[in-house]
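Secondary and tertiary structure notes
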Amino acid sequence: VSGVLGAEEKSKERSKASREECVQPHDIEPLKEGMTLVYSQEDAAASKWFSKQCYNTTHGEMADNCACFYWGFKAHTAANNTKAAERSLDAALELAPRDAKL
């Protein structure tokens, strides 16, 4: 049984890392609230919002949304939250490792 579970987990990991581009149009709609905070230059609030929604690829309501990490990186950078920015970039690269824009 453990071998089957291990194979399923590896399959999930491969499918998560299969994106060619991080930001997909269908991923943007759920991010509008956080993006509005970024555009309004509410840096600390934006950083907090993205940390809650997509902390990393295993924690957060949008942990599989690469665009969340892309925008989270922008928010964390603006708020000078270096650790969170690095975490977001690492997560985006995990989900879309071949995206040249990252």
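Everything below is about the structure shown above.
Cut-off values and rules
Residues numbered from 1 in each chain as written. Predicted model: local features only at pLDDT ≥ 70, side-chain atom pairs only at ≥ 80, totals over all residues. Heavy atoms only, no water. Helix = DSSP H or I, 4+ residues; strand = E, 2+ residues; numbered from the N terminus. Buried < 20%, exposed > 50% of the residue type's maximum accessible area, 1.4 Å probe, protein only. Contact = heavy atoms within 4.5 Å. Axes fitted to C-alpha atoms, helices over the stretch in contact; angles between N-to-C directions. Parallel < 35°, antiparallel > 145°, perpendicular 65-115°, else oblique. Left-handed = near helix turned anticlockwise from the far one by under 90°. Nonpolar A, V, L, I, M, F, W, Y, C, P; charged D, E, K, R; others polar. Disulfide = S-S within 2.5 Å. Expected span 1.5 Å × (residues − 1). Arc of directions from axis to C-beta.

**Some thoughts on the overall build of the protein chain**
Along the backbone of the protein chain there are 6 helices and 0 strands. When the helices and strands of the protein chain are listed from N to C terminus, the series reads α-α-α-α-α-α. Burial status across the protein chain gives 35% buried among its 102 residues. Taking as baseline every contact in the protein chain between residues at least 6 positions apart, the subset at least 24 positions apart corresponds to 57%.

**Considerations on the packing of helix α5 (residues 66-78) against helix α6 (residues 82-95)**
The contact between α5 and α6 brings their axes to 8 Å, and the two run at 160°. In terms of axis orientation, α5 runs roughly antiparallel to α6. Our pair here, α5 against α6, has a crossing hand that is left-handed. The residues of α6 that touch α5, namely those facing C66, F69, G72, F73, H76 and T77, are A84, A85, S88, L89, A91, A92 and L95. Of the residues that constitute the contact of α5 with α6, the class distribution is 9 nonpolar, 4 polar and no charged.

**Let's talk about unusual backbone geometry**
At Q41, a residue that is not glycine, the phi angle is positive and equals roughly 60°. Structurally, Q41 is set in the loop between α3 (32-39) and α4 (43-53). What makes Q41 exposed here is its relative accessible area of 65%.

**Observations concerning the state of the cysteines**
Per the counting criterion, the structure on display carries 2 disulfides. Two residues, C22 and C66, share a disulfide whose sulfurs are 2.1 Å apart. Sign of the S-S torsion, about -110° for the bond between C22 and C66, identifies this disulfide as left-handed. In this pair, C22 sits in the loop between α1 (2-16) and α2 (25-28) while C66 sits in helix α5, placing the two residues 44 residues apart along the sequence. Since its relative accessible area comes to 1%, C22 is described here as buried.

**Considering α6**
Taking 1.5 Å as the rise per residue, α6 with 14 residues should run 20 Å; its terminal C-alpha atoms sit 20 Å apart, in good agreement. What α6 keeps buried is the set A84, A85, S88, A91, A92 and L95. Buried residues of α6, viewed axially, fall in a sector of 130°; they line one side. Those residues of α6 that are exposed and aimed more than 90 degrees away from the buried face are T82 and K83.

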